[in-house]
Structure formats: C-alpha cells, structure tokens
Amino acid sequence: MTEMSRAQVGRSVPRVEGRAKVTGRAEYVHNLRLPGMLHAKVFRSVIAHGRIKRIDTSAARAITGVYRVVTGEDIRALIPNPYYGPAFHDQPILALDKVRHVGEPVAAVLAADPHIAEEAAELITAEYEELPIVVDEVEAMTSPVIVHDVLKPAGTFPDLKHLEGKRGTNVALDFHLRRGDVEAGFAAADRIFEHEFRTQQVMHTPLEPMVSVAEPGDNALTIHTSSQTPSFVRTEIARLLGWPENRVRVRVPYLGGGFGAKVYIKLEALVAALALIARRPVKLALTMEEQFYTITKHPSTFRIKSGVTKDGRIIARRCDVWWNGGAYADIGPRVTQKSGFTAAGPYDIENVHIESYALYTNRPPAGALRGFGIPQLVWAYESHTDLIARALKLDPLEFRRKNILRDGRPQATGTIMRDAALDLVLERLAARMNWRQAFDHGSGTLRRGRGIAIGFKASIAPTTSVAMVNLYADGSCGLYISTVDMGQGSDTAMAQIAAEVLDLPAEAVRVVHPDTDVTPYDMATLGSRSTYHMGHAVRLAAEDARARIAALAKELGLPEGSNMPLPELFRRKYGMQAGNIVGFGSFVPSYASPDHDTGLTPNATPYWMPGGTGAEVEVDTETGQVRVLRLVNIADAGTPINPKIVETQLSGGAIMQLGFTLTEEMIFQSGQLTNASLADYKIPGFLDLPAAIENEAVASVEHGGPFGAKGVGESATFGVSPAIANAIDDAVGVRLTSLPLRPEAILRALRAAQGEPLAEA
Ligand code: MCN
C-alpha cells in the first residue's frame, strides 16, 4: 500500500471519544457505584522509617457506621505473602513490621459512607520505634541505614530476570556499561569537562486521582480500576491470591490521565484484599494529597565527565547516575537500566563508561513518569553539552552536529542506529529557531536568551501485545484491545490502523475497552509503546480477518477479487444475519539483553525515539523571574497515524516538563513532605504557558513500525529542561545545575556572578 493510497492512516480523525467526554458521558471508575459498596479510607504513617510497635484501631471501630478496620496482619491472614511489585516483591499491601516512608498505608477503614470512613481513619493511632532515615540518593550508596533487609526479585519480566539487589546495601540494581577504554580516551583528550546535575522529586498529577473498586463474585473477583496495566493487574492479583487468572477480571474505562502513575499494582491489591475480607464491593479513591505519597518521579544525581579534542570531538564520556527510588523499587530498576544505557546522550562517542544505580531511600516510592528517566538524563547531558561548547567557544548547534549519532553508527550499547532521525530533529530545531540569524538579547533588566537540547529514548522489549478484530454479520467491526486510552488518543489511532487494513472509515470501528475477560493480553500502556507494539498486533489482527473473509468467499465459490459486501457473505454462509469473523494478531519485538558486565547488546531496542526542544526565554535580572516566550518541540514519530494527536502529544509532553523545570518540587523537611497539595505544589496553569508553542514531527519512517509509525508520547519531555537552562545561560550568563529553575536560585546565581552574593535565607 503506498502512502498516497492510505485513507485512514495519516488523517487527523477527531477523537472517537471526544463527544462522550465533552458531554460528560464518558465512563470513569470514580462514577461507579455498586449495590452494597463500602468505601475505604487509609490510615498512613507519619514517620519516614520505624518499627511498628502497636496500632490502636479501637476508637475507629467504635464509630457508628464503621464496617471494619483492617491492618497488615488481617491481610496476612488472607494472603500469607502479601508483598507485590513489578521488579521486587518488596511492597506490603498494608505495612507489616516496619514503615519505610511518610504516607505509607498502615490500616484501612471500611464504611458505607466515605465521610465516616475518613473520620474513623483519623482516630487510628500507631506507635513506632523510630529508625534513622536516608533520603539522598548518593548518601544511600554508603549509608548505614538500610531500607530493606531482604530483597525478593519478582522474576515477572524477562528484561528484569537478572535482578538480585545487593544484600546489606540500598542498591536495588546496578547497571554498568563499558565501551572502548574511557581512561585512554580521557588521556588522549585535549580538554576534560566534569559537572554534576540534580533533579527534584515531583508527582504525575493525573487530574483523575487513582481509584479502584473490587467486587467479589461467585468464586471470582472483578476489579474496576484506573490502571494503565489491566493484564498485569490480573496476573499479579491472581498470584497474590493463589488463584488461577480466570477468576480475576480487570476492567478499565477511560482514565483522566495516567502519565505512568497508574502502572502495575497501585490500589488494586488493597481493594482486592478488603473486598474479600468484607465480602462486599469496596472502593478506594485517593485524594490529590494521597497521590503524593503513592508514586512519584525519581530524584537523581548525575555526574558526567567528558574528554574532548580541541576541534570539538567528544572522545570519552563517563556517566555516574544515582536514582532515588524511595522506599519501594516499583519499576525503578528498569528506569536505571533502560534509561541508563542512553546516559551518554545521542552522540557518537568511542569510549563510554556508565554506572547507573537504583537506590532505596525513605522517601515515597518513585516509578515510571512520562520519559522514564530520560528527562533527568537529558537535563544533565544537554546542559553539559552547552557548557562544553561555551568553554570551547563553539556554537552549540555546530558542536552537536559534529558529534551527533547518525544512522548506521553504534550507540553506546553497540546497537546500530536505524531509523533514528536525530540529525533531522536537530536540523529542524535549528531551522525553526532561526539559529543562523542574529538574536535580540534585550537590554536593561530584561535579558533574552535561547537554547536547544536533544535526546532520545529506547523502547521497551521484549513485551507482548495481542489484538482481536471482530466483524459482525452486518459488516460492522469491533476492536478488542487492552490498550488503555488515558487521554493520549489510542482508541482513535488503533481504530485508524484497523480501518486502514479493513477498508473502513476509522469512525466505524468500535474499540472495546480493556476487560481481561474479554480483551486479549497487552503488557501495558506505557513507554510510548502502544502505537508501535499494539499497532502491529492490530494490523495483524485486521489482516487475519481479511484473510478469513477471502477464505469465506472462496468457500462460497466466489471468484477472487469479487469484493462481495460482508453482510451478503454472512447471509450466504448462514442463511441470515448471523455469525462472526474473528481475526487475531500478536506481536513481540526482538531484543537481546545487555551483557551483565559490559552492558553491551546488538539489539537494545526495537526502535529509538528522538526528540528535541528549543526555548526562548526572558529573564528579569532584578527578580530572577523567567518567562518562556517560545517553546519549539520536534520529534521523530515515524509516520504520524493521526497528525493532530501527535501534535497535541508533543505540546502536552512539553508543558508537563515545563512544570518540572520551573515550579514543581516536592519539598521535604526531616522526612516530612511539606507541600502535598495543589495550593502549594504548582503545576503550570494556562497563564504560565509560553506565548508560542510550536510542534513538529519530522518527515521520517520507522521501517519496523506499523505503517512506518513509532511512539511519540514522551518525546517532547526530553529537551525542555536543558533547553531552558541553556537559554537562561545565553540570556544572563548564569548556569543552574539543579531543578527546578526557581527565580530565587537564578537571582542568587546572578548576584553571586556580580560578586554580591545574597545572604542565605
Ligand atoms: N500517535 C500517532 N502516530 C504516531 C505515534 C503516536 O498518531 N506515530 C498518537 C496516537 O493517537 C497515540 C498517541 O499519539 O495514541 C500516543 O502514542 P504512543 O507514543 O504510542 O504512546 P502510548 O499510546 O503508549 O501512550 C503512552 C504515552 C506515555 S508513556 C505517557 S506517560 C503518556 C502519554 O503517552 N501519558 C499521557 N501521553 C499522555 N497523554 C495524555 N493525555 N494523558 C496521559 O496520561
């Protein structure tokens, strides 16, 4: 099929769920009410680390209307080994023996009235023997404070099979990469540059807070949940209960955002246990405040050292990255490894040495958040890139051009780059930013600057996606997939892919939402994997259905190419409007695990996702205030299945990262979180947005992808932070190395540079 002849792929089909959402009819778990349903409220730890001596639930139980109060020990009576987690089985459903972070769930109250449950939860008290805490990721490497005495690898995912953790330390995973001889590279270099960069702890802030409902049935359990991973939830709940998977059903309607917060198990194990204990449906809906204690983004420290020749070739790079995983590993080990192997950046460097560590600390757990570690890495390596260019008096664009990793060249793992339009992303960024033209740097107290940054991400493999296409007797089509539409537009894009193969308008395809009793397996909706991985499975399922239509026509004695309308085919076969044609497709990309000692592999990823950002800023030198005037986001998405959605994915990702760059930060004092509310934790509002946001998907094709497509949901997050820091440096000559880039930090740096440092607050 040529590009020209495509009718559905490449068309900006309006969102299939658009009308339901704007009229308030779209289904969300928050709206679900079941007969006899109880509401759960969680009592949480107020200390960051301690042994539980006593939990007193008597006052809570005495409240009229309280159905039951449940502690970790009650759960252990139902589930003998009540620990879960995608990498390690380290997280108890309710705390047992110890608490490891502020906000950890310790007990739950059940009541028919959520207000009564809340009131009762506030009456629970707990006594702890407080233990010393460790909160910093670098200190956690050598701290005598050990968060977990024993580590139990989950063994669920093939790419994490080698996990063991280091007993007696806080290291959940250490990833090493050795390419060439980095010390020889440093020795041969004309200049050495070394910097350290840090990122803060932030939260996903889906505007639909996490919510799950568990409904016990006849020897079975149904879980309705705002999850990005229905198939995983089924497997993990069945494992915890010791049940076969066919007794656990997981249903997911639309999500009001997920951003990686709603992956693996979040509330599902707790509601499942509570519903089985109470023998009634149980709903647990978090408040916005509780989300801060549930899952966050890894704070990180990145030390980066480069050896560069006088003409600007990077010949050696050492990267040491420490990821602050908080009290439970969640998927942090995969962040550490998968993002870790790209830590040297999108540059062609002969000698690379990477050390990447996932660490336990006494903070709320960190996991996947849009970009999966890449924004933390790009923040460091692209700030470093500009610092080097500046020191060598090279244009930052030229310096990048000289070193960029081009197709056909090996990435640090040894995997040869293919269909990764890094150079094109850089060129389009330069063109859009008018880089060659003189730039007005402003005057007086308002100074302007501009900066660029590029990065890339590997996709996740090996993972499985299965799709089913069902053609009904009237010729209409249902698409059965477990991909979760959390706002990214997957229902629309998947309908387009199926429709393209089946020669239907996309609007005519009905996408059936994840229901593990009905829709087939999908590993997860994360890592910008759905368009590529599930898109492949959908295409194969639709092709399978087409082949079955052709076989039916042949069976009915029709000549090849007769193109008889489907309803007529069914009528001829069954004598009436009856029957189905069902097509299946499954997809698992190839992958080769990195070597344990060297981190090298010929096949690190099925595809690469390049993305870059250009920023123009204005800095007020009297206040340190920064206004981002213009943000240009460029990515390689391969073929856009739905160009309009690709554009909104780019702007959405960039705006999210803008918050992580300028304002968002979870602030801790002595292990206590001091700003767990949207009044004090500031996500960008409309007035904070740049006047101009431009987005572009470069002209490229991912030859391994369905119709040439690959993922784009995270690509615009990569470059935002360093592009803005580089622009601030360009405007006023100061360099910040920690996020967020607060006005106070900028003003302090400005005053320090003028030799008039401000007194410490
Ligand atoms: N798309 C397309 N053509 C392509 C690639 C993508 O048309 N070549 C469009 C499709 O409509 C697709 C969407 O872009 O549904 C995103 O596709 P993809 O990059 O494959 O990502 P996923 O569908 O796997 O979604 C996950 C990704 C991630 S990892 C996070 S986190 C994220 C994101 O997407 N969270 C989001 N985008 C989000 N958008 C919203 N509104 N809410 C979230 O929680």
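Whatever comes next refers back to the structure up there.
Residues numbered from 1 in each chain as written. Predicted model: local features only at pLDDT ≥ 70, side-chain atom pairs only at ≥ 80, totals over all residues. Heavy atoms only, no water.

1. What about the pairing of strand β16 (residues 300-308)?
- Counting buried positions along β16 yields seven of nine residues, so the element is predominantly enclosed.
- Across nine bridges, the pairing between β16 and strand β17 (residues 314-324) is antiparallel. If you follow V308 over to β17, its bridge partner there is I314. (Buried < 20%, exposed > 50% of the residue type's maximum accessible area, 1.4 Å probe, protein only. Helix = DSSP H or I, 4+ residues; strand = E, 2+ residues; numbered from the N terminus. Pairing = 2+ DSSP bridges.)

2. Comments concerning the packing of aromatic side chains
- One pass over the full model with this rule turns up nine aromatic pairs.
- Relative to W608, the ring of F456 lies with its centre 5.2 Å away and its plane at 25°, an arrangement referred to as stacked. Taken together, the positions of F456 in strand β21 (residues 446-458) and W608 in strand β26 (residues 608-620) put the pair 152 residues apart, joining distant regions of the chain. Like W608, F456 is buried.
- Of the aromatic side chains, those joined through ring pairs into one cluster are F341, F456 and W608. (Phe/Tyr/Trp six-rings, centres within 6.5 Å; stacked < 30°, edge-to-face > 60°.)

3. As for the nonpolar core
- Ranked by internal contacts, the top residues of the largest apolar core, which has 158 residues, are I75, L221, I237, V282, I724, I728 and L741.
- Examining the composition of this core, we find that ten residues originate from one element, helix α8 (residues 268-278), more than from any other.
- Apart from the residues lying within four places of it in its own chain, the contact partners of I75 are V70, P82, I93, L94, L270, A273 and I277.
- In terms of nonpolar packing, the next biggest core, distinct from the first, is built from 43 residues, C477, I549, A553 and Y607 among them. (Core = buried A, V, L, I, M, F, W, Y, C linked by side-chain atoms within 4.5 Å. Contact = heavy atoms within 4.5 Å.)

4. Looking at the site of the ligand
- Around the ligand sit 31 residues in total, of which G258, S530, T531, Q649 and V712 are the nearest.
- Contact distances for the ligand include 3.1 Å between a nitrogen atom and a backbone N or O atom of G487.
- In the model, a nitrogen atom of the ligand is placed 3.0 Å from a nitrogen or oxygen of the A637 main chain.
- For the ligand, whose accessible area on its own is 830 Å², the fraction buried by protein is 96%.
- Elements that contribute at least two residues to the shell around the ligand include exactly α14 (490-502), α15 (530-555) and α17 (643-662).
- The leading source of residues in the shell around the ligand is α17, at three residues. (Near = heavy atom within 4 Å. Polar contact = N/O pair within 3.5 Å; in protein donor to acceptor, adjacent residues only side chain to side chain. Areas by Shrake-Rupley, 256 points an atom, 1.4 Å probe, with all protein chains shown as cover.)

5. Here we look at the pattern of salt bridges
- Evaluation of the coordinates by the stated rule reveals 51 salt bridges.
- R178 serves as the salt-bridge partner of E355, at 2.7 Å between the closest nitrogen and oxygen. Of the two residues, E355 sits in strand β18 (residues 351-359) while R178 sits in strand β9 (residues 171-179), which places them 177 residues apart along the sequence.
- Residue E355 is classed as buried on the basis of its relative accessible area of 5%. (Salt bridge = Lys/Arg side-chain N within 4 Å of Asp/Glu carboxyl O.)

6. Focus on empty space enclosed by the protein
- The tally for this structure, following the rule as stated, stands at five cavities of 30 Å³ or more.
- Approximately 260 Å³ is the volume found for the largest cavity.
- Taken together, 22 residues form the lining of the largest cavity, with Y84, Q91, P105, K266 and T294 sitting closest to its centre.
- Contributions of two or more residues to the lining of the largest cavity are made by β1 (38-44), β5 (91-92) and α8.
- Along the lines of polarity and charge, the residues of the lining of the largest cavity split into 15 nonpolar, three polar and four charged.
- Lining the second largest cavity, in full, are T199, Q200, V202, K297, H298, P375, Q376, Q657, F660 and L739.
- Residue assignment for the lining of the second largest cavity shows that the elements contributing at least two residues are α11 (374-391) and α17.
- Looking at side-chain class alone, the lining of the second largest cavity contains four nonpolar, five polar and one charged residues. (1 Å grid on protein atoms, 1.4 Å probe; cavity = no way out; pocket = protein on both sides within 12 Å on 5 of 7 lines; lining within 4 Å. Points joined across faces, edges and corners; volume = space filled by probe spheres on them. Nonpolar A, V, L, I, M, F, W, Y, C, P; charged D, E, K, R; others polar.)

7. A few points about the environment of L504
- Summarising the element assignment, L504 is placed in the loop between α14 and β24 (509-512).
- Distance in space between the C-alpha atoms of L504 and Q8 is 8.2 Å, their sequence separation being 496 residues.
- Residues in contact with L504, not counting those within four places in the same chain, are Q8, C477, A499 and V509.

8. What to know about the sheet that holds strand β23 (residues 477-480)
- Sheet architecture is open: four strands sit in the order β24-β23-β22-β25, paired in mixed fashion. Of all strands in the sheet, those bounded by a partner on one side alone are β24 and β25 (580-587). Mean inter-strand twist for the sheet, computed between neighbouring axes without regard to direction, equals 20°.
- Here strand β22 (residues 465-472) pairs with β23 via four bridges, running antiparallel. By the bridge assignment, M468 is partnered in β23 with Y480. (Axes fitted to C-alpha atoms, helices over the stretch in contact; angles between N-to-C directions.)

9. Things to note about the sheet that holds β18
- Strand order in this open sheet of five strands is β9-β18-β17-β16-β10, and the pairing throughout is mixed. Looking at which strands have only one partner, the edges of the open sheet turn out to be β9 and β10 (191-199). Strand-to-strand twist of the sheet, defined as the mean angle between neighbouring strand axes without regard to direction, takes the value 5°.
- Pairing analysis gives nine bridges linking β10 to β16, with the strands arranged antiparallel. Bridging from a neighbouring strand, F197 pairs with F302 of β16.
- Strands β9, β17 and β18 of the sheet are contacted by helix α10 (residues 332-339), whose axis makes an angle of about 5° with β9.
- The strands touched by α11 are β10, β16 and β17; relative to β10, the strand with the most contacts, the crossing angle is about 145°.

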